[in-house]
Amino acid sequence: MKQIAVIGGGISGLSVAHFLANRFGNSIRLTVYEKEPRLGGWIRTKRAEEDGFTFELGPRSLRTAGHGARSLALIEQLKLQNEVIFADKKYVGRRLLYVDGRLQALPSSLLGALGSPVLRPAVGAALREPFVPHRAAPDADESIDSFFRRRFGEYVATRLAAALAVGVYAGDSRRLSLSACLPAVARLAQQGAGSLVRGMLVDALRPASATDAAADSDFVRGVRRQTAVFSLRHGLQTLTDALSESLRSRSNVAFAPAAELIALQQQEQQEAAADGAGRRMLLVSSHGGRRQDAFDTVVSAVPAAQLGLLLHHGHRRPSPLAVALDQIRTVSVGIVSVAYTHDPLPPALKGFGYLVPPCESQPIMGVTFDSVCMPQQPQPPSACRLSIMLGGDTGMHDNVVDVTAVSEQQLIRVRSRVRAAAHPRT
C-alpha cells in the first residue's frame, strides 16, 4: 500500500486528499498534516448565534467561470447542492470605484460609459487602442500595468487595471503577470493581433459555441447558467467541514492536526526501496515529541515559502527548488467585518461593493456589501453586513496586517463615503 502525505489541511489539502481517496481507494494510505488544531485553513465562517449574523473571516464566494465547474462538482459529491446560494443578479454586476476622493459607479453598458465621469477618460483610449503599435516581442510576458499603460494610457492603468489587480489578487499590477493572472485578457489580445478591443470584437462576432463540458452534471450546468458568483447558505466553512467529515469516515485516511513539520528530506539512495525510488522523510514535531514519518509521495498544499523552509532544513546548500520557492512573494490580507442593524446603503449604491486603486493612498483595498450580494445568509431583518479588506501589495501596509489597529474613525469613514456617494456633488 502506497503511503501519501498531504501537507496542509486547508481547502487545497482537503480537496487533493478527497480526490486521491476517491481515485485510488484502499490502495493508498493518506495522512493529512495541519499545523493548526482546526482544519479548513483560511476558510472560516463565524456564526453569531446571539445576534443572528453570519460572517466570513476569509473567502466569501466562488466563481462559476474557469475551474468553477470543479468546485461545483465537489459540492455535488459532498451532497451540498441545497446549500448553494446565488448572488443576486440585480446587484452582482454593479461595482463601484473610489476615485478622486469619492465613490463612483462603474456603468455596465457602453452608453453608460460615455456619460460616466470615471470611465469617460477611458472611452477615448479604447477608441485609439486598436491603432497602438505592436510590441517588438509580442510573445514575451508583461505585467498587467505594462499592458494597460501601453495600450490604454496611464489613467486606465492606474485606476481601472490597478483596482482590478487589488480586487482579484490583492496585488500590485506592476508586479503581476498578465498571462498568468488575466489569461482571458491575454487571449483576447492575442486573438486581436495585439489589440484587446479588436480581440473583443472578433470574439463577439464569432458564432456562439457550447460552453458546457459534456462531462458536467445537470447541477453544474444549471448553476453556471444561472450565476457567475455563488456561495453556501451557512458559509464556505460548510464545504471544508463536509470535506473533513467525508475523509474522516475513510479507514485509510488519517489526520495529524497541531503538527509542526520541520523538514522534508529525500531518503538516501542506499536506503531506497527495492524499485530504486527513495522515500520522502518528514520530520514532525507534535505534542508527543519529534518523530520521522516516511512516505512514497508527498503533496504540498502550503504556501511556497513554507515548503521552501522544509526543504532548506538540514542542508548546508539549499536545493534549486528551495531557492526558487523562496523567491515567490506573498502578501497578507486582513478582513474587518462590520454589521449594522439598520441598512445604511442607499438603493442607488446597492451592488457587489467597491474597490480602491492604490493611487488613492487609502488604508483599505475595498469593501464588499455581503448582505446585498448574498441576502440568503442568516442575518436579522433590515440589517447590513460589510467586509472591509486591508493589506495587500499596495504599499500602505507591512507584510503583516493588524486588523485590531483599525480605528472606529476609519469604520465611520467607510459609512460616510457610502452616504456621500448617495448624494453626489454636482
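Residue indices follow the written sequence of each chain, beginning from 1 at its first position. Totals for whole chains, interfaces and linings use all residues, but because this is a predicted model, local features are given only for residues with pLDDT of at least 70 and pairs of side-chain atoms are given and counted only at 80 or more. Each side-chain value is derived from all of the structure's non-hydrogen atoms; neither hydrogens nor water enter the calculation.

## Some remarks on helix H12 (residues 237-248)
Counting from the N terminus, the helices are DSSP H or I runs at least four residues long and the strands are E runs at least two residues long. What a helix is expected to span follows from its residue count: subtract one and scale by 1.5 Å. Along its 12 residues, H12 runs 16 Å from first to last C-alpha, staying within 8% of the 16 Å computed at 1.5 Å per residue. Within H12, burial applies to Gln237, Thr238, Leu239, Thr240, Ala242, Leu243, Ser244 and Leu247. We call two residues in contact whenever any of their non-hydrogen atoms come within 4.5 Å of each other. Summarising the contacts, the buried residues of H12 are in contact with helix H1 (11-24), strand S3 (45-47), helix H2 (68-77), strand S9 (229-232) and strand S10 (253-256). The rule is simple: take the accessible area with a 1.4 Å probe, protein chains only, and divide by the maximum for that residue type; under 20% is buried, over 50% is exposed, in between is partly exposed.

## Considerations on the environment of phenylalanine 131
For phenylalanine 131, the location among the structural elements is in the loop between helix H5 (120-128) and helix H6 (144-152). Spatially, the C-alpha atoms of phenylalanine 131 and arginine 198 are 9.7 Å apart, while their sequence positions differ by 67 residues.

## Observations regarding the packing of aromatic side chains
Think of it this way: a Phe, Tyr or Trp ring, Trp meaning its six-membered ring, pairs with another when their centres are within 6.5 Å, and the plane angle makes it stacked under 30 degrees, edge-to-face over 60, tilted otherwise. Using the criterion set out here, one finds five aromatic pairs in the structure. On the basis of an interplanar angle of 20° and a centroid distance of 5.7 Å, the ring pair of phenylalanine 53 and phenylalanine 55 is categorised as stacked. With respect to class, phenylalanine 53 is no different from phenylalanine 55; both count as buried. When the centroid spacing of 6.4 Å and the interplanar angle of 65° are considered together, the rings of tyrosine 354 and phenylalanine 369 count as edge-to-face.

## Some details on the sheet that holds strand S6 (residues 84-86)
The pairing of strands in a sheet happens through backbone hydrogen bonds and is either parallel or antiparallel. In this scheme, strands are said to pair when DSSP sees at least two bridges between them. With antiparallel pairing, the three strands of this open sheet are ordered in space as S5-S9-S6. Two strands bound the open sheet, and with one partner strand each, they are strand S5 (62-63) and S6. Note that S6 and S9 share three bridges and pair antiparallel. Residue pairing for S9: valine 84 is matched across the bridge by leucine 232. Along the sheet, H2 makes contact with S5, S6 and S9, crossing S9 at roughly 25°. Throughout, an axis means a line fitted to C-alpha atoms (over the contacting stretch in the case of helices), and angles, computed between N-to-C directions, take values from 0 to 180 degrees.

## Things to note about the side chain of aspartate 216
Tracing the sequence through the fold places aspartate 216 in the loop between helix H10 (196-205) and helix H11 (218-226). Overall, the relative accessible area of 15% leaves aspartate 216 in the buried class. Once residues lying within four places of it in the same chain are set aside, the contact partners of aspartate 216 are Ala69, Arg221 and Arg224.

## Here's the deal with the packing of H6 against helix H7 (residues 154-169)
Running from amino to carboxyl end, H6 crosses H7 at an angle of 150°, the nearest separation of the two axes being 8 Å. With respect to each other, H6 and H7 are oriented roughly antiparallel. The way H6 lies across H7 gives a crossing that is right-handed. Facing Ile144, Asp145, Phe148, Arg149 and Phe152 of H6, the residues of H7 in contact are Glu154, Val156, Ala157, Thr158, Ala161 and Ala165. Amino acids outside the nonpolar list (Ala, Val, Leu, Ile, Met, Phe, Trp, Tyr, Cys, Pro) and the charged list (Asp, Glu, Lys, Arg) are all regarded as polar, and Gly is one of them. In terms of residue class, the contact of H6 with H7 is made up of seven nonpolar, one polar and three charged. Roughly parallel refers to an angle under 35 degrees, roughly antiparallel to one over 145, roughly perpendicular to one between 65 and 115, and oblique to any angle outside these ranges. Handedness of each helix crossing follows the sense of rotation of the near helix against the far helix: counterclockwise by less than a right angle gives left-handed, clockwise gives right-handed.

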